[in-house]
Amino acid sequence: MSEDYLARIGTLIRDARRHKSMTQNELALALGTSQSAVARIEQGKQNLSLEMLARIGECLDSEFVSLGHSGAQHLRIVGGTKLSGAIDVKTSKNAAVALLCASLLNRGRTTLRNLARIEEVNRILEVLTSIGVKARWLPDSNDLELVPPPRLDLAGIDVDAARRTRTVIMFLGPLLHEYPEFQLPYAGGCDLGTRTVEPHMSALRPFGLNVTAHSGFYEARVDGDVTPGRPIVLTERGDTVTENALLAAARHEGVTVIRNASPNYMVQDLCFFLEKLGVRIEGIGSTTLTVHGRREIDVDVEYSPSEDPIEAMSLLAAAVVTESEITIRRVPIEFLEIELAQLELMGMKYDITPEYRSANGHTRLVDLTTIPGPLVAPTDKIHPMQFPGLNIDNLPFFAIIAACAEGTTMIHDWVYENRAIYLTELTKVGARVQLLDPHRVMIEGPTRWRATEVICPPALRPAVVILLAMLAAPGTSVLRNVYVINRGYEELAERLNALGATIETFRDI
């Protein structure tokens, strides 16, 4: 390998490790090597075999190399053209993963309609089928049928698939009512006591669950005599934390009150699904949920998750950066109202239709048509808040929108460590981005976009932001190793091509 290529790979490995909240020593332990060797790899001073690259990719859940004939997938983008036409918003990725975990509560047949067929869903399906769940996609559809076995085979769990998704932590809520003791793999970097895990533990202890981390596994023990004696107050208003508490409460035969709950879109979808299972829930859409659980759940149920507001925001950003008029259909407006209000302050104009309902019978949808026009930087910083504030997953798209606006915009990503750093990758496509600290960037617009080649950042939303910037850049760009995009978006390149983009998928020989 050339020194330049080693340095690029080393930087990518370092960024992926930081994204997984792993130290160099933790990665070294997982690889069976030394911390100094990891340091040399990240500095581009260590030759790497294909086997070592593949092992690092497994540890960091990032496909640096694919052993075999297929290789990693890349995108070639011919940018600088306007988009036109109409596109439907797909159903929610985050709702899909929650519903897959919730299917473990049900002894009957669960049919999930119009599910997103993405890599994240595939990983969870691999885990579910490995423990005995029968899963099949119904013919010529995105409908998924799930039938549980009489007894789950947790000993047969697909450890590799489980380690490639942090969603496996949401198995804790459903399983604690079934087993006095059980073991689950966890993704590298998820240590008990970290911000992303400890809130789950505190939410589930009132149900008698005690979890310790040992050799890459959650070791769970359940005290069946312990039940919630008072309201559960979540220490963090997180989406997956709320979902885990709901999954545990659904089969607690009694009333569970959950306070400081997230009312976000995927949580609401989970609540509506649980109601289909016969669980009564009061306060859906608020921060206090009262759950009337059922000891046994055995029903044949069908459910359609609602549309994805993050994908809707992605498409909106695509229209802004390419200065295009497109119609985005089936937009879940109640989960984009703050984002649209912010865009209006920046000068954006759009038309929307009267509201109608999603297939779940609850979520309010509109069709939105973008109107191209000049934008100006906001007078205040742009930052996320819990729903009904600006969604944290939508924040990166404001970086590319700010790069199109006249003036200087501060983006403050206070939730995630280091994710703001990935937004500096926009400089490679011509944007003027100044990193102030691991949480804040200053962006000056407007931008003269330029074609380039970039290795995909290991974070989903920043990766899509780079792709959208390449749509605006005249000439041919290459975005390498787009596995992370495929985890969260279904056929995104093909669907953008239907709007007039020119994006080619290819692999190295």
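Residues numbered from 1 in each chain as written. Predicted model: local features only at pLDDT ≥ 70, side-chain atom pairs only at ≥ 80, totals over all residues. Heavy atoms only, no water.

Draft legend 1. Up close: the packing of aromatic side chains. Taken as a whole, this structure holds four aromatic pairs when the rule is applied. Ring centres of Phe 273 and Tyr 303 lie 5.9 Å apart, and the angle between their planes is 70 degrees; this geometry places the pair in the edge-to-face category. With Phe 273 in helix α11 (residues 265-276) and Tyr 303 in strand β13 (residues 301-303), this residue pair connects regions lying 30 residues apart in the sequence. Grouping residues by exposure puts Phe 273 and Tyr 303 together as buried. Residues Phe 335 and Phe 387 carry aromatic rings whose centres are separated by 5.0 Å and whose planes lie at 40 degrees to one another, so their mutual orientation is tilted. Taken as a pair, Phe 335 in the loop between β14 (325-332) and α13 (337-345) and Phe 387 in the loop between β17 (364-371) and α14 (395-402) lie far apart in primary sequence, 52 residues in all. Given the relative accessible area of 6%, Phe 335 is considered buried. Three or more aromatic residues joined by ring pairs form one cluster here, namely Tyr 265, Phe 335 and Phe 387. For Arg 76, the ring lying beneath its charged end belongs to Phe 506, and the centroid distance is 4.0 Å. Directly above the aromatic system of Trp 137 lies the positively charged group of Arg 117, at a separation of 4.1 Å from the ring centroid. (Phe/Tyr/Trp six-rings, centres within 6.5 Å; stacked < 30°, edge-to-face > 60°. Helix = DSSP H or I, 4+ residues; strand = E, 2+ residues; numbered from the N terminus. Buried < 20%, exposed > 50% of the residue type's maximum accessible area, 1.4 Å probe, protein only. Lys NZ or Arg CZ within 6 Å of the ring centre and 35° of its normal.)

Draft legend 2. Molecular detail of the packing of α14 against helix α16 (residues 460-472). The contact between α14 and α16 brings their axes to 8 Å, and the two run at 25 degrees. Relative to α16, α14 is oriented roughly parallel. Handedness of the crossing formed by α14 with α16: right-handed. Side by side, α14 and α16 meet where Pro 396, Phe 397 and Ile 400 of the first sit next to Arg 461, Pro 462, Val 464, Val 465, Leu 468 and Ala 469 of the second. (Axes fitted to C-alpha atoms, helices over the stretch in contact; angles between N-to-C directions. Parallel < 35°, antiparallel > 145°, perpendicular 65-115°, else oblique. Left-handed = near helix turned anticlockwise from the far one by under 90°. Contact = heavy atoms within 4.5 Å.)

Draft legend 3. How the structure looks around the pattern of salt bridges. This structure, assessed with the given rule, holds 30 salt bridges. Here Glu 145 ties to Arg 136 by a salt bridge, and the two come within 2.9 Å at their closest N and O atoms. Residue Arg 136 is classed as partly exposed on the basis of its relative accessible area, which comes to 44%. Asp 437 is paired through a salt bridge with Arg 440; the nearest N and O atoms lie 2.7 Å apart. Assessed through its relative accessible area of 28%, Arg 440 is described here as partly exposed. Sharing partners across several salt bridges, the network here consists of Arg 107, Arg 151, Glu 178, Arg 251 and Glu 296. (Salt bridge = Lys/Arg side-chain N within 4 Å of Asp/Glu carboxyl O.)

Draft legend 4. The arrangement of the nonpolar core in detail. Membership of the largest hydrophobic core comes to 152 residues, with the highest contact counts inside it found for Phe 171, Trp 449, Leu 479 and Ile 485. Look past the residues within four positions of Ile 485 in its chain and what remains in contact with it is Cys 456, Leu 460, Ala 463, Val 464, Leu 467, Leu 479 and Leu 492. Membership of the second largest hydrophobic core comes to 15 residues, among which are Leu 31, Val 38, Ile 41 and Leu 53. (Core = buried A, V, L, I, M, F, W, Y, C linked by side-chain atoms within 4.5 Å.)

Draft legend 5. Region of interest: the sheet that holds strand β18 (residues 407-412). The antiparallel open sheet is built from three strands, whose spatial order is β18-β20-β19. The open sheet terminates on both sides in strands that have one partner only, identified here as β18 and β19 (432-437). The average angle at which neighbouring strand axes cross in this sheet is 20 degrees, direction not considered. Summarising the sheet, β18 and strand β20 (residues 440-445) pair through six bridges and their orientation is antiparallel. Among the inter-strand pairings, Ile 411 is bridged to a residue of β20, identified as Val 441. Sheet strands touched by α14: β18 and β20. Its angle to β18, the strand with the most contacts, is close to 170 degrees. (Pairing = 2+ DSSP bridges.)

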